[in-house]
Amino acid sequence: MADYREMWQSLDMDLEKHDQLCEILPQFYGDIYLSQENRPEAMNYYNFVVSEVHGLRIKELCEHRKNGKKVIGTFCVFVPDEVINAAGAVGVGLCGGSEFWEPDGEKILPRNTCPLVKASVGAKISGTCPYFQSCDLIVGETTCDGKKKAWEILNEYIPVHVMDLPQMKREKDNIHWQDEIKMFIRKLEKLTGNKITEESLAQSIKLINKRRKVLARLYNARKADKLPISGKDALLISQIAFYDDPKRFIEKTNELCDELEKRIENGVSVFKEGTPRILVTGTPMAIPNWKLHHIIETSGGAVVCEETCTGSRYFENLVDEDAKTLDDQIKALADRYLNINCACFTPNSGRIDDIIKYYKEYRADGVVYFTLPFCQTYATEFKKVKDALDKEGIPVIMIETGYSLQDAGQIKTRLEAFFEML
Ligand code: BJ8
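Residues numbered from 1 in each chain as written. Predicted model: local features only at pLDDT ≥ 70, side-chain atom pairs only at ≥ 80, totals over all residues. Heavy atoms only, no water.

A. Region of the structure containing the layout of surface pockets. Here the second largest pocket is characterised by a volume of approximately 380 Å³. The wall of the second largest pocket is formed by 19 residues, among which E37, V270, F271, E297 and T298 lie closest to the centre. Elements with a minimum of two residues in the lining of the second largest pocket: α12 (231-241) and α14 (291-297). Of the residues that constitute the lining of the second largest pocket, the class distribution is three nonpolar, nine polar and seven charged. (1 Å grid on protein atoms, 1.4 Å probe; cavity = no way out; pocket = protein on both sides within 12 Å on 5 of 7 lines; lining within 4 Å. Points joined across faces, edges and corners; volume = space filled by probe spheres on them. Helix = DSSP H or I, 4+ residues; strand = E, 2+ residues; numbered from the N terminus. Nonpolar A, V, L, I, M, F, W, Y, C, P; charged D, E, K, R; others polar.)

This is how it looks when you write it as structure tokens:
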């Protein structure tokens with residue numbers, strides 16, 4: 001990597017500690033990703049993005065800021081990127097997926113907090129995440145209790161705007177979410193000095209829909225009998241979508257999809273015939289959390305789809321592009337976003353329907369239900385999901401695991417036994 005120390009210093013980072021993080025990542029990535037055989041050529045772009053994760057992309061963000069653009073950090077797929085983009089700002093996903101940040105998070109949060117929350121807070125207070133350091137504003141949301149309370153603490157370090165996400169999906173909740181989107185628009189207009197117009201919002205809706213479409217195209221390739229790409233690689237691409245420049249991401253991912261579709265035509269697969277096809281469902285996997293996919297794909301399984309926020313929930317359903325007035329566009333945004341089936345909603349039966357639908361569409365053989373420790377909503381929802389899957393005769397196993405690799409052996413043993421049964 002080029003020398004970015006001056007840039008990191010200007011972002012007020014803890015350079016010594018950050019060096020420790022930079023030492024771990026290449027080895028970790030190499031072991032998990034570069035060890036795979038027969039990867040699509042076009043994965044080189046994503047390898048490059050990861051190798052420059054704290055370099056080139058941060059340099060781009062610094063340049064945007066020099067040119068007067070604002071950088072907005074988000075933690076949840078309910079926060080509408082369309083609004084950020086329409087305000088002429090740049091959005092970056094900030095969820096922490098590394099064990100490295102947990103001890104710092106634990107300095108101010110209870111230990112029995114979800115690792116995603118601990119790592120996200122730890123990334124900020126340790127001054128080792130250049131994305132956090134580049135943000136002018138971060139946007140929280142009222143989803144789980146852990147996140148909700150974390151915003152109050154993070155607000156001591158960086159300005160936070162919280163969107164009040166309803167927990168039910170009635171008409172009045174839709175109206176409430178439209179109001180929240182309006183408040184978010186006003187907040188960003190004030191911060192950026194740019195007015196969000198029907199034109200700018202229409203353009204952004206089209207752009208973000210395009211990103212959804214290319215991810216849907218990628219996932220479509222995973223429905224093939226012969227899998228042209230590993231689940232691990234697909235997960236990485238979804239994770240990168242959260243912080244890469246949207247236009248470039250769309251272009252590069254379309255190139256990759258061209259290659260995948262050719263592979264399907266030619267019957268090229270990255271797995272040997274008969275490998276059990278696995279649908280993963282549950283909590284999001286923030287970069288660089290590749291643990292479960294790696295274990296599955298080195299224990300005799302192949303991940304064909306993720307019903308998660310770093311998977312289908314991020315790209316399914318488009319925003320209606322025909323909405324003309326600002327009010328209609330806001331309504332179209334609320335309609336699309338409130339279709340996301342997160343376990344923080346009650347009831348959340350739409351998620352069960354999605355799991356069954358994807359299980360069939362991707363021709364999966366079994367379901368791995370993933371939950372991060374202390375995520376009560378997803379852990380509790382397992383009962384309802386399992387009952388429904390049992391009724392359908394769909395095999396499911398629950399894996400609750402955090403970021404540490406200590407339990408990897410034990411998970412591997414359980415998964416091997418599960419795959420054998422399929
Ligand atoms: S829409 S899944 S991104 S809230 S932080 S709820 S894992 S205890 S992330 Fe999420 Fe939005 Fe829902 Fe998706 Fe559990 Fe952890 Fe909370 Fe989490």
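B. Quick look at empty space enclosed by the protein. Under the defined criterion, the tally for this structure stands at one cavity of 30 Å³ or more. Estimated volume of the largest cavity: approximately 50 Å³. If you go around the largest cavity, the residues you meet are F75, L116, V117, S120, V121, K147, A150, W151 and L154. Elements supplying a minimum of two residues to the lining of the largest cavity: α7 (115-125) and α9 (145-154).

C. Structural detail: the nonpolar core. F78, L292, V368 and L415 are the most contacted members of the largest nonpolar core, which has 143 residues in total. With residues near it in sequence (within four places) discarded, L415 still touches L292, I295, I296, V368, I397 and I399. (Core = buried A, V, L, I, M, F, W, Y, C linked by side-chain atoms within 4.5 Å. Buried < 20%, exposed > 50% of the residue type's maximum accessible area, 1.4 Å probe, protein only. Contact = heavy atoms within 4.5 Å.)

D. Main features of the sheet that holds strand β3 (residues 137-141). Within the open sheet, the four strands sit side by side as β2-β1-β3-β4. Their pairing is parallel. At either margin of the open sheet sits one strand with a lone partner, and together these are β2 (90-93) and β4 (160-163). Strand-to-strand twist across the sheet, computed as the mean angle between neighbouring axes with direction ignored, equals 25°. Relative to β3, strand β1 (residues 71-74) runs parallel, the two sharing three bridges. Bridge pairing in β3 links I72 to L137. Sitting on the sheet, helix α4 (residues 56-66) touches β1 and β2, and the angle it makes with β2 is about 145°. (Pairing = 2+ DSSP bridges. Axes fitted to C-alpha atoms, helices over the stretch in contact; angles between N-to-C directions.)

E. Representation of the side chain of T308. Structurally, T308 can be placed in the loop between β6 (302-307) and α15 (312-315). The class for T308 is buried, based on a relative accessible area of 0%. A distance of 3.2 Å separates a polar side-chain atom of T308 from the backbone nitrogen of T310. Setting aside residues no more than four positions away along its own chain, T308 makes contact with V280, T281, G282, T283, P284, R313 and Y314. (Polar contact = N/O pair within 3.5 Å; in protein donor to acceptor, adjacent residues only side chain to side chain.)

F. Summary view of the site of the ligand. Contacts to the ligand come from 18 residues, most closely from C76, C144, C309, C342 and C375. Here the residues of the shell around the ligand are counted per class, giving 14 nonpolar, two polar and two charged. (Near = heavy atom within 4 Å.)

G. Molecular detail of the pattern of salt bridges. Counted under the stated rule, the structure contains 33 salt bridges. Put simply, E381 and R351 hold a salt bridge, and the shortest N to O gap is 2.8 Å. Within this pair, whereas E381 is found in helix α18 (residues 376-392), its partner R351 is found in helix α17 (residues 349-361), the two being separated by 30 residues in sequence. The exposure class assigned to R351 is buried, which follows from its relative accessible area of 0%. Among the charged side chains, a salt-bridge network with shared partners connects R57, E60, D244 and R248. (Salt bridge = Lys/Arg side-chain N within 4 Å of Asp/Glu carboxyl O.)

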